[in-house]
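Coordinate inspection notes
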Amino acid sequence: MPNFEPIVGRYFTIYVEGQPCRIYVEEAGDGIPLVCLHTAGSDARQYRHLLCDETITKNFRVIAFDMPWHGKSNPPPGFRDNEYRLTTELYKETVMTFCRAYDLVNPVIMGCSMGGRLTLHLALEQAEYFRSVIALEGADKLEPYYDLSWLHRPDVHGGEVCAAFVSAQIAPQSPDEYRWETLWHYMQGGPGIFKGDLYFYWHDGDFDDRSPRINTKNCPVYLLSGEYDSSCTPERTIDTAERITGAKTTIMEGMGHFPMSENPELFKKFIYPILEEILGA
Amino acid sequence: MVLNKLKDQVNGNKALTERGKWVSLSFTFGIDNDDYLISIKNGKITQIQKRNLATESGIFAIRAAKSTWIEHWRCIPKRDFHDIWSMLPKQLITLDGNLLPLIQNLQFFKDLIASPRDGKD
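These numbers were taken from a predicted model, which means no experiment stands behind them.

1. Topic: the overall build of chain B
- Of the regular secondary structure elements, chain B holds six helices and five strands.
- Counting from the amino terminus, helix and strand elements in chain B follow one another as α-α-β-β-β-β-α-α-β-α-α.
- In terms of C-alpha radius of gyration, chain B reaches 13 Å, essentially the compact-globule figure of 14 Å for 121 residues.
- For chain B, the spread of C-alpha atoms along the principal axes amounts to about 35 × 30 × 25 Å.
- A burial count over chain B gives 49% of its 121 residues as buried.
- For chain B, contacts bridging at least 24 residues in sequence account for 60% of all contacts bridging at least 6.
- On chain B, roughly 6,100 Å² of surface is accessible, and the fraction owed to carbon and sulfur atoms is 48%.

Have a look at this one:
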C-alpha cells in the first residue's frame, strides 16, 4: 500500500441562497474542530501541511473546504449566466451553512486573506458559536492598488495573471517549491473567480466601522500578518488590533501573504503557540 | 552599471527566455531621471540603450528611483521592494503607456527586471 497522507477528502451538497452547491472538503485529526478558509482565488489545498501535521491533528480536527466556484467544489447550476461576485452576506451564509451541515460544535475558525477578513465578521456576529477566530492576513480594511478588470479578460491568460499578481505577496525567503505550489493554485482558478473574490476583500467586506464592537472575551481574536504582505500589511493588522480590544497580534517576520502554504515550517513557529493557548483555554 | 550586465543575465537564462518567447517589443526602464529602452525579440534582449530623444519610446514604461532599484536587486530585498507589484501600493514605481503586453507577460517581466539579483547580498 502507498504511504497515504492522513487527509480524507469527501463531497457533499449544501444550499446557499437557495442554490445547491456541491462542496469538496478535506479533513484530518480529532479534537476541537478547526475550520480553515482559503484565500481569494485559491482553494483548500493551501492547508495541506496543517492537515498532515500531527502536532496539530492530535488535538484538532482540521477541516478545510473549497468554497463554491473554487478548487473541486462546483459553481451552482446556471453559473454560465452569472458573473461570480462574492459579497459579505454570501460569504457568511456559505461558511455558516457549511459549519452547520457539518454539525460542528463550538469550532475554531481560521482564514487567510479574504478568509481572515471573514473571521472578523464572524467574531462579531457568531461570537457564541465560534470558540475563537484566527485571522491570517485579514485586516478589517484595505486599499485597492490595481484595476481588477485585468484579472478577467480574453486577451490576458487568467491563471497566469492571477499568479503573477500574487507572486508579489510571497516573501523572498520562502522555499521555492512552496512558492510555486502556492502560485500553481492560482494558475488553476476558474475564470473571473479571483476577481469576484476580491470584490469582497477590497470593497464589500470592509469592516473597520464594526470591528470595535467585537467582544474578545466572548470570542478571542488572533491576528497574524506576514512582514512581506503588501496588501494586508503589518501596519494594517496593527491598526485592526487597535480597534479590537483584546485582540492578540503576531507579525510574522520573513513571511508573506500565504503563511500556511508558502512556508509551512516557519508558520509552525507562529501558529503552534496560538493553538496551544486555545487548547488550554 | 547594472544594466550593462542585464542582457547577458537574461539571455543566459534559458527558462526565462523560453517563457518569454512570445515577447517582442521595446519598453522603457527608468532609473531616476534617466530612461533606457530595452528591446526584446522572442524573449531575448537585443539592445539596451539610453533614451536620448522624446520620439524614442517603449510601448510601456516602468520607472523608479535608483535607490529603489538597488534595493530591489539585493538578494533578499526589504519588504515592499522585493517585487515590482509590491512596489505599486507604496508608489515606489510608476507604470505608463500600454500596459497590456506587460500584464500579459507579467511574471516574465518581473523576472527579467529582477535578473541582476546574483544571490549575494
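2. Here we look at the interface of chain B and chain A
- Counting from both sides, the interface comprises 18 residues of chain B and, opposite them, 22 residues of chain A.
- Buried surface at the junction of chain B and chain A, both sides included, amounts to about 1,700 Å², of which 66% is carbon and sulfur.
- Interface area lost by chain B to chain A is led by R79, W85 and I103 of chain B, which between them contribute 33%.
- For E235 of chain A, the salt bridge identified is with R79 of chain B, shortest N-O distance 2.2 Å.
- Across the chain B-chain A interface, the total number found is seven residue pairs in polar contact (both at pLDDT 80 or more).
- Mapped onto the side of chain B that touches chain A, the elements with two or more residues apiece are α4 (84–87), α5 (100–104) and α6 (106–114) of chain B.

3. Describing the sheet that holds strand β4 (residues 60–65) of chain A
Residues and elements named next belong to chain A.
- Pairing is mixed in the open sheet, where eight strands are placed in the order β1-β2-β4-β3-β5-β6-β7-β8. Strands at the two margins of the open sheet, each flanked by one partner only, are β1 (8–16) and β8 (248–252). Neighbour-to-neighbour, the strand axes of this sheet turn through a mean angle of 20 degrees, independent of strand direction.
- Note that β1 and strand β2 (residues 19–28) share nine bridges and pair antiparallel.

Conventions adopted
- Residues numbered from 1 in each chain as written.
- Chains lettered and ligands numbered in written order.
- Predicted model: local features only at pLDDT ≥ 70, side-chain atom pairs only at ≥ 80, totals over all residues.
- Heavy atoms only, no water.
- Helix = DSSP H or I, 4+ residues; strand = E, 2+ residues; numbered from the N terminus.
- Rg over C-alpha atoms; globule rule 2.2 N^0.38 Å.
- Buried < 20%, exposed > 50% of the residue type's maximum accessible area, 1.4 Å probe, protein only.
- Contact = heavy atoms within 4.5 Å.
- Areas by Shrake-Rupley, 256 points an atom, 1.4 Å probe, with all protein chains shown as cover.
- Buried area = accessible area lost by both parts, 1.4 Å probe.
- Salt bridge = Lys/Arg side-chain N within 4 Å of Asp/Glu carboxyl O.
- Polar contact = N/O pair within 3.5 Å; in protein donor to acceptor, adjacent residues only side chain to side chain.
- Pairing = 2+ DSSP bridges.
- Axes fitted to C-alpha atoms, helices over the stretch in contact; angles between N-to-C directions.

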